[in-house]
Amino acid sequence: AEVAASSAKARRKELDALRKSAKEKAEESKAKEQEARRLLLEAEDLRREADHLKDSASKREPQCLRAEGKAKDKAAVAEQAKQRANEAAKELAALDGVAVPKVAAGEPE
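Residues numbered from 1 in each chain as written. Predicted model: local features only at pLDDT ≥ 70, side-chain atom pairs only at ≥ 80, totals over all residues. Heavy atoms only, no water.

**Some words on the overall build of the protein**
When helices and strands are tallied, the protein shows one helix and zero strands. Residues classed as buried in the protein amount to 3% of the 109 residues present. When the accessible surface of the protein is split by element, carbon and sulfur atoms take 56% of a total near 10,100 Å². (Helix = DSSP H or I, 4+ residues; strand = E, 2+ residues; numbered from the N terminus. Buried < 20%, exposed > 50% of the residue type's maximum accessible area, 1.4 Å probe, protein only. Areas by Shrake-Rupley, 256 points an atom, 1.4 Å probe, with all protein chains shown as cover.)

Pasting the structure below:
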């Protein structure tokens, strides 16, 4: 009878340990599930933000292209003005007989 009681006591301890382990694993599982939900919500927020940024960038791209085109046009006009200034300086120099240096881009007159 003592052997049976001892065996029953040992089994109860095993059973208690298994219950404790199962409870701990259930709590771990619940914590991991909550973390997974939090991460999914965070990922969804980041996806929405990325979509918003893509939309914003696609709306601004045409403006940037227009600005770039205007900048190129202005650079071409400036280059033409520089060439005309150099030609006018040569003509004046030829009339006066004086050598005139070329106008460099961006230099004050």
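**Observations concerning the pattern of salt bridges**
All told, the structure shown has 10 salt bridges when counted by the stated rule. Between R47 and E44 there is a salt bridge, and its shortest N-O distance comes to 2.6 Å. Of this pair, R47 and E44 both sit in helix α1 (residues 2–96), three residues apart, which is roughly one turn of the helix. Assessed through its relative accessible area of 29%, E44 is described here as partly exposed. Linked by salt bridges that have partners in common, E44, D45, R47, R48, D51 and K54 make up one network. (Salt bridge = Lys/Arg side-chain N within 4 Å of Asp/Glu carboxyl O.)

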